[in-house]
Amino acid sequence: MLTYLKSSIFKKFIMGLTGLGLSGFVLAHMAGNLLIFVSEEAYNIYGYKMTHNPAYPLIAWGLVGMMVLHAFMGILLTKENGAAKSGRYAVTPNTSKDTTTASKTMIFSGSILLVFIITHLVGFKYGTFYEVTYDGVVMRDLHRLIVEIFQNPLAVVWYVFALVVLSVHLRHGVSSCFQSLGFNHPRYTPCIKKIGILYAVIVAAGFISQPLYVYFVHKG
Ligand code: HEM
């Protein structure tokens, strides 16, 4: 049992499971945020309903747990790959040139995303708490905060850059999640890879449209 928990198969399984959970979150987060194109009210009420949902604390802590596990296992696997490459393991695991390049790209893009998520939470979740009232209900004016943040061209450039990095990470990550969970079949793997690419493009394009819209069209 302990040997299994220490094996790279187990670590990859956890990476796959948490990766799928996080991919589901980014799609839902991107789709919910598209309400910025509907109206200020729709955007703020959505944020209010989300954070006042009884399941919210569970979802928020689940997200933190998935992110920590995903990053931790990713670092461990990268270290193991590095050790195998430098000949510290008697039996070399799968370290073909493609695998090594992909895992190097993933740890690099993953590290940028970690910095992004921290700055994102500081700016948005823990950012200025403006208030607005609709039908007598006082709630957070997230729309005002977003418009304020994306007036700054540096913030827009940083977001667009980080979201392109997210798309690179998802492009490889989504299909490798399925492989890590054991879905590896010559017939379905090429299709899963294409779905991964489509997913990455949709999520990144949906997110990128928001800072660009605020900066070029909405302009506060
Ligand atoms: C244009 C891009 C994005 C916008 C405009 C945006 C907007 C927001 C806003 C307004 C909140 C605060 C919600 C609240 O407190 O009610 C939030 C929270 C959050 N965002 Fe984003 N987001 C973007 C991209 C991302 C991306 C790419 C990720 C992950 C890779 C991400 C991860 C999170 C997380 C983890 C939270 C905290 C959720 C919670 O616990 O409430 N966001 N975002």
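Calculation criteria
Residues numbered from 1 in each chain as written. Predicted model: local features only at pLDDT ≥ 70, side-chain atom pairs only at ≥ 80, totals over all residues. Heavy atoms only, no water. Helix = DSSP H or I, 4+ residues; strand = E, 2+ residues; numbered from the N terminus. Contact = heavy atoms within 4.5 Å. Areas by Shrake-Rupley, 256 points an atom, 1.4 Å probe, with all protein chains shown as cover. Lys, Arg positive; Asp, Glu negative; His and termini not counted. Charge placed at Lys NZ, Arg CZ, Asp CG, Glu CD. Core = buried A, V, L, I, M, F, W, Y, C linked by side-chain atoms within 4.5 Å. Buried < 20%, exposed > 50% of the residue type's maximum accessible area, 1.4 Å probe, protein only. Donors = N, O, S within 2.8 Å, 3.2 Å for Na, K, Ca; no water. Tetrahedral: all angles 85-135°; square planar, octahedral: opposite > 155°, others 65-115°. Expected span 1.5 Å × (residues − 1). Polar contact = N/O pair within 3.5 Å; in protein donor to acceptor, adjacent residues only side chain to side chain. Phe/Tyr/Trp six-rings, centres within 6.5 Å; stacked < 30°, edge-to-face > 60°. Lys NZ or Arg CZ within 6 Å of the ring centre and 35° of its normal. Disulfide = S-S within 2.5 Å.

Caption draft 1: Inspection of the overall build of the protein chain at higher detail. Secondary structure assignment for the protein chain yields 8 helices and 2 strands. Going residue by residue from the N terminus, the α and β elements of the protein chain occur as α-α-α-α-α-β-β-α-α-α. Within the protein chain, contacts between residues at least 6 apart in sequence are counted, and of these 74% link residues at least 24 apart. When the accessible surface of the protein chain is summed, it comes to about 13,400 Å², and 71% of that surface belongs to carbon and sulfur atoms. Between the mean site of the 17 positive side-chain charges and the mean site of the 8 negative ones, the protein chain shows a separation of 23 Å.

Caption draft 2: Broad picture of the nonpolar core. Of all hydrophobic cores here, the largest spans 28 residues; its most connected members are Ile-146, Phe-150, Leu-166, Leu-170, Val-203 and Phe-207. Counting only elements with at least two residues in this core, the list comes to α2 (8-33), α5 (97-125), α6 (142-149), α7 (153-180) and α8 (189-218). If we skip the residues at most four places from it in the chain, Leu-166 touches Leu-113, Val-203 and Phe-207. Grouped together as the second largest cluster of nonpolar side chains are 5 residues, Phe-10, Met-15, Met-73 and Leu-77 included.

Caption draft 3: Seen up close, the coordination of the iron atom of the ligand. Coordination of the iron atom of the ligand by the protein is provided by His-29 (NE2) and His-120 (NE2), with metal-donor distances spanning 2.0 to 2.1 Å. Relative to the metal, the 6 donor atoms surrounding the iron atom of the ligand lie at angles of 87 to 180°, and the coordination shape comes out octahedral. Here the residue His-29 occupies a position in helix α2, and His-120 occupies one in helix α5, the gap between them amounting to 91 residues. We classify His-29 as partly exposed; its relative accessible area is 24%. Under the relative-accessibility criterion, His-120 is labelled buried at 18%.

Caption draft 4: Main features of α7. The first and last C-alpha atoms of α7 sit 39 Å apart over 28 residues, in line with the 40 Å expected at 1.5 Å per residue. With a side-chain oxygen positioned 2.9 Å from the backbone nitrogen of Leu-154, the residue opening α7 is Asn-152. A positive backbone phi angle near 100° is found at Gly-182, which sits one or two residues after α7.

Caption draft 5: Summary view of the environment of Leu-27. Here Leu-27 is to be found in helix α2. When its relative accessible area of 33% is taken as the criterion, Leu-27 is described as partly exposed. Measuring from C-alpha to C-alpha, the distance between Leu-27 and Val-165 comes to 15 Å, with 138 residues separating the pair along the chain.

Caption draft 6: Quick look at the packing of aromatic side chains. Applying the stated criterion across every chain yields a total of 9 aromatic pairs. For the ring pair Phe-124 and Phe-150, a centre distance of 5.9 Å and an interplane angle of 50° mean the geometry is tilted. Of this pair, Phe-124 sits in helix α5 while Phe-150 sits in the loop between α6 and α7; the two residues are 26 residues apart in sequence, bridging distant segments of the chain. Each member of the pair Phe-124 and Phe-150 is classed as buried. Taking the ring centre of Tyr-130 as reference, the NZ or CZ of Arg-144 above it sits at 3.7 Å.

Caption draft 7: Spatial organisation of the state of the cysteines. Counted by the stated rule, this structure contains 0 disulfides. Take Cys-177: it sits in no disulfide, and the sulfur closest to it among the cysteines is that of Cys-191, at 16 Å. The buried category is assigned to Cys-177, whose relative accessible area is 7%.

Any link to function would need more than the numbers given here.
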